[in-house]
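Analysis of the macromolecular model
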Amino acid sequence: MAISFLKRGEKKQKQSASARKWAISLTLIALAIWAFFTYFFDKTPDAVQSWFQVWLPPSTINESLVWVICALGLNIVVGYAGLLDLGFVAFWAFGGYTAGWFMSGFFHQVNIHFGSMSAKVIPGIHLSFWLVMIIAALIAGFFGIIIGAPTLRLKSDYLALVTLGFGEIIPQVFTNGENIGGFNLSNGTKGISPIDAIGVFGKRLGPFDLGWKFLIYFFLAACMVFVSLRIRGGRLGRAWLAIREDELAASMMGVPLMRTKLTAYAVGAFSGGIGGAVYATHVNGIFAERFNFSISIILLAMVVLGGMGNVWGVIIGALLMAWINATGLPAIGDTFNNTFHTAINFPSYNFLLFGGILVLMMLFKRDGILPEARLKMISHENDDEAANTGGH
Amino acid sequence: MSSILSAENITVEFGGLVAVNDVSFDIPEKGIVSLIGPNGAGKTTFFNILTGLYKPTSGHVMYDGQEITALVPHKIAAAGVARTFQNIRLFGSMTAEENVMVAMHSHLKASLATTILGLPSQRREERAAHEEARALLEFVGIGKTAGEFARNLSYGDQRRLEVARALALRPKVLLLDEPTAGMNPQESSVFVDFVHRIRDEKGISILLIEHDMAVVMKVSERITVLDRGEKIAEGSPAEIKANPRVIEAYLGKGVGAGH
Ligand SMILES: Nc1ncnc2c1ncn2[C@@H]1O[C@H](COP(=O)(O)OP(=O)(O)OP(=O)(O)O)[C@@H](O)[C@H]1O
Ligand SMILES: [Mg+2]
């Protein structure tokens, strides 16, 4: 008994040690990136600066973090619980519009300020960024439950179809929401901008404070990682994975299917709401046409590419694909066209690329680039070593 | 002896096919009883009725003095009716330990919030659950595999893991669907002792579907025989061995009664 207790303690330590290694490495990289762009970038030679502007501009780095936040949310739904959601963009839209409503002069009829750093004379609703994050998460989570409750009873293929429809409907509502019975919900295709600057430590982070925004986005992504790992390691996470692996067996082991799936869907929606609100602060506005099906698909491809259910893999998948989408493809395209004197429009092939990645991953590498299996295996090998040295 | 689980006049139809026809059946408290019959007799279907997976066309299932016929499967499981599967159904990409812990879902109390915050109560509960899972894996004899993925276990170990997982429900009744399928004779005879240990040490009543007659005759206190959905005989091993209808059902199907 004592030995088995020791072994378990050891294994737990090894596992969380692996998580800690990842967390520390990523944090150090993030801090290095932040320090570089905030303090050293201006002093580097022009050649270096222009290289970064072409291949790794700060705005792309920030945008990647927004994708990471959302991909981690979708990972809970698809990766952990195995529910195929093709309409995640809906929650992104809810989050975005929440920021639009509560962090701008959009509702100019009123003048409400709370915790925001924008001037008190500006009409509209101006709430603190952090408060808006919470409201966005709650609104998206609420709609997650509303849409999930009836649809999660469906078989998985139908669920995919319904979420697909939902992901089309919600952005349409916002696109056409200029006049809902006389009420302007979304400002239609004109969108809502600008969004208030984020206020943090008495500093206002405007459109050009990318370094500080980077830190805030990184903090939110880190929170998502923390929450994902905590849930994964506990009662609920085990139930999600069990449902993903074998729904029938899970129910025969006392796992309530509906309730457990609904929780996954709601937590995913919650995170999607945060992601959407963060995105609004990143682009300083809400533009209805940006909330389209492609967002759902790119997010799905990130989760699949990264290894469904593995947080670190999903982060890498999200960073990689966000970079390709925003910078990689155009930059590679320009280089290619300049070198070979062609005029191929590379960015227009991004969906071919992402679709191709999805298909290829499904055919040849279902576990993703960093499958959870591999990680567990490593930690188990450590466990064996511990057992051997522990005097068996 | 009072019964812990009893099925009364169960009939199950699939379209036109009557898979189980007016079968009544009792599992006595702390008893070990078996259900046998040729392939397609309706044994697994009967299990699926007892665990709530299928609803009977007619009839009732009583458990611990209450009717459970209409309950959803996870509630029946949580109430203490555990099972294993004829075709192993483990959670392949979870570890053996995690597989066992899934079945503790209904008696663990941690909520989303306490898990994220990692409150002391949740940590304590998790630690106890880990201990219990380890102990169960030891009990079924696969303690060393705790950190391995279920899908990487050997066939025999997977069968054992299914039993450990079922026991994690802290059941009063355990339904085993062909637990010795794929075991060699030596493993099978060890299995007989194992079934007795489950009953004696944990006080669990056991219903067994089994094709291996040597095992059935050794382990069962009472045997029920199904053939084409009908109950054709019930009695002690000695009575069943001598029953002409049973012999006919088996030999008529070309399946030897003795292995
Ligand atoms: N879900 C279902 N839909 C339709 N028919 C079914 C279903 N489940 C079982 N049956 C049929 O019911 C009959 C009984 O099947 P069951 O699996 O209960 O037999 P069994 O006694 O367990 O056989 P075996 O020894 O082969 O496991 C078979 O004819 C089978 O085809
Ligand atoms: Mg069967």
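Residues numbered from 1 in each chain as written. Chains lettered and ligands numbered in written order. Predicted model: local features only at pLDDT ≥ 70, side-chain atom pairs only at ≥ 80, totals over all residues. Heavy atoms only, no water.

**Things to note about the state of the cysteines**
All names here are of chain A.
- A full pass over the atoms with the stated rule returns zero disulfides over all chains.
- Looking at the unpaired C70, the closest cysteine sulfur is the one in C223, lying at 15 Å.
- For C70, a relative accessible area of 0% gives the class buried.
- On the basis of relative accessible area, C223 is assigned to the partly exposed category, the value being 32%. (Disulfide = S-S within 2.5 Å. Buried < 20%, exposed > 50% of the residue type's maximum accessible area, 1.4 Å probe, protein only.)

**Digging into the domain arrangement of chain B**
Residues and elements named next belong to chain B.
- Assigned domains within chain B: domain 1 (1-80 + 171-259) and domain 2 (91-169).
- The centre of domain 1, based on its C-alpha atoms, is set 27 Å off from the matching centre of domain 2.
- Buried area between domain 1 and domain 2, summed over both chains or domains, comes out near 1,200 Å², and the portion from carbon and sulfur atoms is 72%.
- Considering only the surface of domain 1 that becomes buried against domain 2, P171, F194 and K202 emerge as the three largest contributors, covering 34% of it.
- Across the contact surface, domain 1 and domain 2 share zero salt bridges.
- For the pair domain 1 and domain 2, the number of links is two residue pairs in polar contact (both at pLDDT 80 or more). (Domains from an automatic or database assignment. Buried area = accessible area lost by both parts, 1.4 Å probe. Salt bridge = Lys/Arg side-chain N within 4 Å of Asp/Glu carboxyl O. Polar contact = N/O pair within 3.5 Å; in protein donor to acceptor, adjacent residues only side chain to side chain.)

**Points about the site of ligand 1**
Residue and element names in this part refer to chain B.
- By nearness alone, 14 residues border ligand 1, and G40, K43, T44, T45 and Q86 come closest of all.
- Within the side chain of K43, a nitrogen or oxygen atom sits 2.8 Å from an oxygen atom of ligand 1.
- For ligand 1, an oxygen atom lies 2.7 Å from a polar atom in the side chain of Q86.
- Relative to its unbound accessible surface of 630 Å², ligand 1 loses 65% to contact with the protein. (Near = heavy atom within 4 Å. Areas by Shrake-Rupley, 256 points an atom, 1.4 Å probe, with all protein chains shown as cover.)

**Notes on helix α7 (residues 185-202) of chain B**
Residues and elements named next belong to chain B.
- Compared with an ideal rise of 1.5 Å per residue, which puts 18 residues at 26 Å, α7 spans 26 Å between its outermost C-alpha atoms and is within 8% of the ideal.
- Turning to α7, its buried residues number three or more, namely S188, F191, V192, F194, V195, I198 and R199.
- Elements in contact with the buried residues of α7: β3 (32-36), α5 (120-139), α6 (155-167), β7 (173-177), β8 (205-209) and α8 (213-219).
- Directly after α7, the chain includes G203, whose backbone phi takes a positive value near 65°. (Helix = DSSP H or I, 4+ residues; strand = E, 2+ residues; numbered from the N terminus. Expected span 1.5 Å × (residues − 1). Contact = heavy atoms within 4.5 Å.)

**Quick word on the coordination of the magnesium ion (ligand 2)**
Residue and element names in this part refer to chain B.
- Around the magnesium ion (ligand 2), the protein contributes the donor atoms T44 (OG1) and Q86 (OE1), at 1.9 to 2.1 Å from the metal centre. In this pair, T44 sits in helix α1 (residues 43-50) while Q86 sits in the loop between β6 (81-83) and α3 (96-102), placing the two residues 42 residues apart along the sequence.
- On the accessibility criterion, T44 (25% relative accessible area) is partly exposed. (Donors = N, O, S within 2.8 Å, 3.2 Å for Na, K, Ca; no water.)

**Regarding unusual backbone geometry**
Residues and elements named next belong to chain B.
- Of note in the backbone geometry, K30 takes a positive phi value of approximately 60° without being a glycine.
- On the basis of relative accessibility, which here comes to 43%, the residue K30 falls in the partly exposed class.
- For E178, which is not glycine, the phi torsion reads 50° and is therefore positive.
- Looking at the element boundaries, E178 is found in the loop between β7 and α7.
- Owing to a relative accessible area of 9%, E178 belongs among the buried residues under this scheme.

**Section: the sheet that holds strand β4 (residues 58-63) of chain B**
Residue and element names in this part refer to chain B.
- Spatially, four strands are ordered β2-β1-β4-β5 in an open sheet, and the strand pairing comes out antiparallel. Strands at the two margins of the open sheet, each flanked by one partner only, are β2 (17-28) and β5 (66-67).
- Summarising the sheet, strand β1 (residues 3-14) and β4 pair through five bridges and their orientation is antiparallel. The partner of T11 across the bridge, within β4, is S58.
- Relative to β1, α1 is tilted by about 115°, and along the sheet it contacts β1, β2 and β4. (Pairing = 2+ DSSP bridges. Axes fitted to C-alpha atoms, helices over the stretch in contact; angles between N-to-C directions.)

**A look at the interface of chain B and chain A**
- Between chain B and chain A, the residue contacts involve 42 residues of the former and 37 residues of the latter.
- When chain B packs against chain A, close to 3,800 Å² is buried across both sides, 61% of that on carbon and sulfur atoms.
- Looking at the side of chain B facing chain A, the largest losses of area belong to H105, I116 and R134 of chain B, adding up to 17% of the total buried there.
- Applying the counting rule to chain B against chain A returns three salt bridges.
- Between R238 of chain A and E126 of chain B there is a salt bridge whose closest N-O contact spans 2.9 Å.
- Of all elements in the fold, only α2 (73-79), α3, α4 (112-117) and α5 of chain B reach the threshold of two or more residues within the side of chain B that touches chain A.
- With six residues, the single largest contributor to the side of chain B that touches chain A is α5 of chain B.
- Looking at the side of chain B that touches chain A residue by residue, the class counts come to 17 nonpolar, twelve polar and 13 charged. (Nonpolar A, V, L, I, M, F, W, Y, C, P; charged D, E, K, R; others polar.)

**A few points about the packing of aromatic side chains**
- Enumeration over the complete set of coordinates arrives at 34 aromatic pairs over all chains.
- Measuring from ring centre to ring centre gives 4.8 Å for F336 of chain A and F340 of chain A, while their planes differ by 45°; the resulting arrangement is tilted. In this pair, F336 of chain A and F340 of chain A are both assigned in helix α12 (residues 311-340), four residues apart and thus about one turn of the helix distant.
- Among the residues examined, F340 of chain A registers a relative accessible area of 53% and is labelled exposed.
- Through pairs of rings, three or more aromatic residues link up here, namely F94, Y97, W101, F102, F142, F143, F174 and F291 of chain A.
- When the ring centre of F85 of chain B is taken as reference, the NZ or CZ atom of R89 of chain B above it lies at 5.7 Å.
- The ring of F91 of chain B has R165 of chain B lying over it, and the distance from NZ or CZ to the ring centre is 4.8 Å. (Phe/Tyr/Trp six-rings, centres within 6.5 Å; stacked < 30°, edge-to-face > 60°. Lys NZ or Arg CZ within 6 Å of the ring centre and 35° of its normal.)

**Remarks on helix α3 (residues 58-80) of chain A**
Residues and elements named next belong to chain A.
- With 23 residues, α3 should reach 33 Å at 1.5 Å per residue; the first-to-last C-alpha distance of 31 Å fits that figure.
- Within α3, 22 of the 23 residues are buried, which leaves the element mostly enclosed by the surrounding structure.
- Where α3 terminates, the next one or two residues include G82, which has phi positive at roughly 70°.

**Regarding the side chain of S186 of chain A**
Residues and elements named next belong to chain A.
- The topology assignment puts S186 in the loop between α6 (156-175) and β4 (198-200).
- A polar contact is formed between the side chain of S186 and the backbone oxygen of F174, at a distance of 2.3 Å.
- Leave out the neighbours within four places in its chain, and S186 touches Y97, F106, F174, G177, E178, G191 and I192.

**What to know about the confidence of the model for chain A**
All names here are of chain A.
- Looking at chain A, pLDDT values average 83 and 90% of them are 70 or higher.
- Every residue in residues 1-10 scores below 50 in pLDDT, and together they form 13 contacts with partners more than four places removed in sequence or on other chains.
- In this model residues 373-392 is a low-confidence stretch, pLDDT under 50, and it forms 23 contacts with partners more than four residues away in sequence or in other chains. (pLDDT = per-residue confidence, 0-100.)

**Let's talk about the side chain of R232 of chain A**
- Within the secondary structure, R232 of chain A sits in helix α7 (residues 210-232).
- For R232 of chain A, a relative accessible area of 6% corresponds to the buried category.
- A polar side-chain atom of R232 of chain A sits 3.0 Å from a polar atom in the side chain of E98 of chain B.

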